[in-house]
Amino acid sequence: MKIAIAGSGGLAQIIARYLQDTVHTTLILSRYAQPSLEQQGYQTAVVDYDDQNLLRFMLRGVDIVISTVSGNPQINLIDAAAHSGVQRFVPAEFEGPINHRPTNNDPLDRGKRAVLARLRDWSHHSRHRMAFTIFSCGVFYERFAPGGLATYDIGSSTGIQRQGSYLMDVAAGTAEVCERTSNGQPIYISMTSVYDLARYIVAALDLGLDRWQPEFRLRGDRRTVTEIIQWGAAVKNIQSLSVTVIEPGDLRTHLEHATYYQEWAKVARVQELMATEQRRYDFAQPNLNQLVNVVPMTFWSWLSGQYPLPAS
């Protein structure tokens, strides 16, 4: 198959790295020339996401598009892919299950509803039918890495790409969490390393595109918020992080306070806590793990590797 990856940031490069070891032909689409990637053996092409003719030309003969771009560029890419005869489109929707998102007034939407609506339209089009698959993987482990997602050049448009912007800052020994739902149940989070996401996408290619579902759910681990912050303390070899616990009934007040004082970093953090409390990033049963031969890294293995204890 010929696979086009839209974007040249960290996630795109990780996916391309795993594809490079397969028989598939990979083309990386970028807004700018990428001589360093070409020196590593990748095929790249410069595109303008506002130029439909150029996009359609670049996508001729492509079987599947994997997108890591968002907003209008992704909408334009979807339209061009459908007109070019692309069989399947994978949007930049690498988070929790789509049916766990609010149906309206979603502060974390960032154009995602529009993308899904456009994909559904093309999947039923009479002349240019194009299927799509969403890879729902929960929260990336790398949110908890030293430096956060920014270290991997991922999540620059989310506002939560920095170290400590989600749940805990292991290096600083602090955490800001909501541990239980409004009915008193522990909050669970499904999680995956970005590297394992790439491995799952590549492994799914061997299934054949005809066996791909509209949504593949995959994960490396599923843990409670309480377990996550306890393990954050364990890798620091301390009894506990300095934890601020926000009760679910107080989240809205914290959001309004941060909004009033224009504390936008805290607004983003509280919005993520609200989404977590609403189970946006959790699901009980994955449907891709059992179909492919990928053994993902557990969260503890990953976390302890990021923060090794000093030699005694």
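Right above here is the structure, for reference.
Residues numbered from 1 in each chain as written. Predicted model: local features only at pLDDT ≥ 70, side-chain atom pairs only at ≥ 80, totals over all residues. Heavy atoms only, no water.

## With respect to the overall build of the chain
The helix and strand tally for the chain stands at 10 helices and 14 strands. On C-alpha atoms alone, the chain measures out to a radius of gyration of 20 Å, which is about the 20 Å that the 2.2 N^0.38 rule sets for 312 residues. Along the three orthogonal principal directions, the C-alpha set of the chain runs to about 55 × 50 × 35 Å. Of all 312 residues assigned to the chain, the portion counted as buried reaches 53%. Carbon together with sulfur atoms contributes 46% to the accessible area of the chain, which is approximately 14,400 Å² in total. Across the chain, 29 positive and 30 negative side-chain charges occur, with their mean positions spaced 4 Å apart. (Helix = DSSP H or I, 4+ residues; strand = E, 2+ residues; numbered from the N terminus. Rg over C-alpha atoms; globule rule 2.2 N^0.38 Å. Buried < 20%, exposed > 50% of the residue type's maximum accessible area, 1.4 Å probe, protein only. Areas by Shrake-Rupley, 256 points an atom, 1.4 Å probe, with all protein chains shown as cover. Lys, Arg positive; Asp, Glu negative; His and termini not counted. Charge placed at Lys NZ, Arg CZ, Asp CG, Glu CD.)

## Re the packing of aromatic side chains
Aromatic rings considered in pairs are described by the distance between their centres and by the relative angle of their planes. For the coordinates displayed, the defined rule picks out 13 aromatic pairs. Measuring from centroid to centroid gives 5.6 Å for Phe144 and Phe299, while their planes differ by 70°, and the two rings are edge-to-face. Of this pair, Phe144 sits in the loop between β8 (139–140) and β9 (168–169) while Phe299 sits in helix α10 (residues 299–306), placing them 155 residues apart in sequence. You can call Phe144 buried: its relative accessible area is 2%. By relative accessible area, which is 0% here, Phe299 ends up buried. Of the aromatic side chains, those joined through ring pairs into one cluster are Tyr141, Phe144, Tyr166, Trp231, Tyr281, Phe299, Trp300 and Trp302. Sitting over the face of the ring of Tyr188, Arg222 holds its NZ or CZ atom 4.2 Å from the ring centroid. (Phe/Tyr/Trp six-rings, centres within 6.5 Å; stacked < 30°, edge-to-face > 60°. Lys NZ or Arg CZ within 6 Å of the ring centre and 35° of its normal.)

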